[in-house]
Every structure is written in structure tokens, then in C-alpha cells.
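This is what each chain is made of:
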Amino acid sequence: MKLKWMAALALAGTMAAAPAAAEEPADDFKGVAYEYGEIDQEMVASSKLFRFDSGLTFEYPDAVRGVYVTGHSAGGERFGRLVNLIENSDLNAMVIDIKDDFGYLTYEPAEDSPLHEMGIGQPYIKDPRAMLEELEDKQIYPIARVVVFKDTILAEKRPDLSYTSGGQVWKNGRKEAFVSPFMKEVWDYNVEIAIEAAKLGFKEIQFDYVRFPEGFETRADSLQYTFGDYEDSELDPIQRRVQAVTDFVAYAREQLKPYDVEVSVDIFGYSATLPEAPGIGQNFSKISENVDVISSMIYPSHWTSYFGISKPDLEPYRLVAEYAKVENEKLAALETPPVSRPWLQDFTASWLGSGNYKRYGKAEVEAQIKALNDAGIDEFLLWNAGNTYTEGVDYTP
């Protein structure tokens, strides 16, 4: 995108200081001519002259130790309990849904907000600014979660930005629709949401579902969609997907620079164990090079027989320790590695069936944290979809 700007042509002769407004112009004042030129918006985004101040002040913790919070929890009675949990423990951060897994905003933007016309606001968080002011008062570090390419609402409104089959928007087995990382319009849609979150006072934007749908490599040739600016790319299909995902992350980070926020991305843990995840377009190293924080989702329950561990959910310390070795090696190869802040499991995966899972509580959560700490990783986030977290955990074992 380009911004119009007005450039004054040089005055005839040697430039002198302009006269004060109340004075008559000098006799030799020749006037000023103007012409329109163009300046790259990316240059504006990276300029230190353009800095937004939300009016809220948060100190980055010694190490972020946070929990996931849905819009419903952030706007309901559970919020107070979560604040109390953090105040009475070594936790210090919340990852709060701002754009959720369906594509809704978890609050209703003001009428003068550029997001208002999107029509996707929901009244879960009645007053997000008041919520952030409470977090500021208690110095709980606020992270805005923005789900990007999984977006059923936008896909149904704009099938041209999505994938279709037989004239209908394609959905996965969970009835979820995705929009395409190839489409720049989708990038800008999500960046606009992230910018408003920064203006509200969030200190970090965490992008989730920064990828193509799972198993996309088996559907890439059968679904209908457009390639946008990648139409003429000479890259093979895998690398074209990787390029689109990586480009979005780099673009979003650049656009957010004036708002003084950290940028983080959630990524599948197994992406660090491969050169790249071929179907979904995630290259761990390339994404890591373009973020401040990388958050791998390494829940033991979500792995198959990796690292020689036949039933990973039963061995939380070992699973996390083995993963950390791989990630540390990947990040050490980067010139400017991001902070590692993995997602850990604070839920019981009973769906794995008898003998394949264990009930997760204090010991299991602490085991995961200790495995990270032993590998030199001090930051982490806890996931529980219902936001019910284990009491009495030592978060700095």
C-alpha cells in the first residue's frame, strides 16, 4: 500500500527559515509549489517518528508465565478468579481472545472504529479498555490472541477469499472454514484487528492459525481458490505455501512496529522437527526469524510416537525435554532468534483412551515446566480450553 504525501519543492536560491505566521512575506519570497509523490507505507511503519501510545504501561515480566483466557471468561465472572490465580502465584500474564476461532471479535468495537463496519463484534467483553486497566493496575502482562486463517465467518461472507468445492465454501471435519494465506486482503483484515488491539493497550499480539488447513496437500488440487499475488510464482506448491505464510508474518510485524507491541506466533510443535510442514505452509525457522516470540504447541497428548516415546501423554517431562533439544538447536542456528515460549498442557486428554493418557494435575504441569527450565527455556503458556487451571502448581520449579 502507498500513502500520498505532499512534498515542497526547494525554494529558489539558498533556503532560509520561514517567516513567522504574523509577518508579511519577504519581498524575494517566491512561493511554494507542491506535487504529489508516493512513499512506501512500510517505511512509515518502521519509522520511529510514528509511535502510538495507548496510555497504559506494562513492564515485561522477568519471564512470561501465562494462561489462555477466552472472550467469555475475560468478560465474565471467571475473570476475577483468573486474576486471583495470577496474583497468588508466579504466573504473570494472560493470553486473551480478541478474534476467536470462529472469526468473531470478542467485544463490540465503537462506532468510530474501522472494525465496526466488519459486523463481527460480539458482547463477550463489555469494556475491553476497563479490563486492560485492571490488568495494568495488577501488572498482569496482556497478550491479544488473534486467530488468522481459520475464519468461518469471513469465509462465509467472502467465499472468494476462501476455498470452495462444488460452489460451496469448503469446511473440515469439524465444520470449520479457512481463508487463504495467499490473499493480501485477508492479511490486511487481520492486521487491522491487531492494530486496534494494540491501541486498546495490549502489549503483545499473538497470531494463531497462521497456516493452511491441516492436510491441505491432499486438497490443493481439488479445491477452488485463487493465488492472489502468488499466481505467477515459480516456487513449487510447498514452497509457495511456505512463502505466503512467512510473508504474512513479516508483513504483520512491520505494520505493527509503530504500536510498540511484541509479535508472537503459535506454531505446531512438530514443525520444528521437520524442514517444513508441507501441507500447512509452516517453516519453523522462517517464521521464527520474523517474530519476537515463538510459541510451539507441545502438549504431550498431541504427539504420536515421537522421540522414541510410544505414549507421550504418559511422560510429560520426557516429551517436553526431547522437544526442547530440537527447538534449541533450530533457534541456535538463527542470527536473531526469538524468545521461546511454548504452550503446555493443563488438561486431561481422556479421548486418547484407557492406558494412553493420565490425569493431568500439579505433578504433570510442573514436570513440563521443569523440562523447559532444564533446557534453558524460562517462558511458557498454559492451555486449558475451559480456562480451569490446576491449583497449587509451583510455576518456577
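Structure first, text after, so check above.
Residues numbered from 1 in each chain as written. Predicted model: local features only at pLDDT ≥ 70, side-chain atom pairs only at ≥ 80, totals over all residues. Heavy atoms only, no water.

Asker: Quick question: what am I supposed to make of the side chain of glutamine 368 here?
Answerer: Assignment of secondary structure puts glutamine 368 in helix H10 (residues 362–374). Within the structure, the side chain of glutamine 368 is placed 2.8 Å from the backbone oxygen of glutamine 345, a separation counted as a polar contact. Sequence-distant contacts of glutamine 368, defined by excluding residues within four places in its chain, comprise Pro300, Pro316, Val320, Leu344, Gln345 and Tyr360. (Helix = DSSP H or I, 4+ residues; strand = E, 2+ residues; numbered from the N terminus. Polar contact = N/O pair within 3.5 Å; in protein donor to acceptor, adjacent residues only side chain to side chain. Contact = heavy atoms within 4.5 Å.)

Asker: Quick question: what am I supposed to make of the packing of helix H6 (residues 184–200) against helix H7 (residues 237–256) here?
Answerer: Any two packed helices are characterised by how steeply their axes cross, that is the angle between the axes, and by the distance between the axes. Where H6 meets H7, the axes come as close as 10 Å, and the angle between the chain directions of the two elements is 35°. Once H6 is placed against H7, the crossing between them reads as right-handed. Facing H6, whose interface residues are Lys184, Trp187, Asp188, Val191, Ala194 and Ile195, H7 presents Ala244, Asp247, Phe248, Tyr251, Ala252, Gln255 and Leu256. A class-by-class count of the residues in the contact of H6 with H7 yields nine nonpolar, one polar and three charged. (Axes fitted to C-alpha atoms, helices over the stretch in contact; angles between N-to-C directions. Left-handed = near helix turned anticlockwise from the far one by under 90°. Nonpolar A, V, L, I, M, F, W, Y, C, P; charged D, E, K, R; others polar.)

Asker: Please explain the pairing of strand S8 (residues 204–208) as it appears in this structure.
Answerer: Residues in a regular strand project their side chains so that they alternate between the two faces of the sheet. The buried fraction of S8 is high, at five of five residues. The pairing of strand S5 (residues 141–147) with S8 spans five bridges and is parallel. Of the residues in S8, the one forming a bridge with arginine 145 is glutamine 206. In this sheet, strand S9 (residues 262–268) lies alongside S8 in parallel orientation, the contact comprising four bridges. What sits directly across from isoleucine 205, in S9, is valine 263. (Buried < 20%, exposed > 50% of the residue type's maximum accessible area, 1.4 Å probe, protein only. Pairing = 2+ DSSP bridges.)

Asker: How should the pattern of salt bridges be read in this particular structure?
Answerer: Oppositely charged side chains may form a pair once their charged atoms are brought near each other. Taken as a whole, this structure holds 26 salt bridges when the rule is applied. Close ionic contact of arginine 129 with glutamate 133 constitutes a salt bridge, the shortest N to O distance being 3.5 Å. Remark: glutamate 133 and arginine 129 occur in helix H4 (residues 128–138); sequence separation between them is four residues, near one turn of the helix. Taking relative accessible area as the criterion, glutamate 133 reaches 39% and is therefore assigned partly exposed. Of the charged contacts in the structure, one is a salt bridge between glutamate 156 and lysine 171, with a shortest N-O distance of 2.6 Å. With glutamate 156 in helix H5 (residues 152–157) and lysine 171 in the loop between strand S7 (168–169) and H6, the pair connects residues that are 15 residues apart, well separated along the chain. You can call glutamate 156 partly exposed: its relative accessible area is 44%. A relative accessible area of 32% means that lysine 171 is categorised as partly exposed. Taken together, the salt bridges that share partners define one network made up of Asp97, Asp101, Arg145, Lys150, Arg174, Glu176, Asp208, Arg211 and Glu214. (Salt bridge = Lys/Arg side-chain N within 4 Å of Asp/Glu carboxyl O.)

Asker: How should the environment of glycine 269 be read in this particular structure?
Answerer: Along the chain, glycine 269 turns up in the loop between S9 and helix H8 (284–288). Residue classification places glycine 269 among the buried residues on the basis of a relative accessible area of 2%. The contact partners of glycine 269, leaving out residues within four places of it in the chain, are Ser296, Met297, Ile298, Trp303 and Tyr323.

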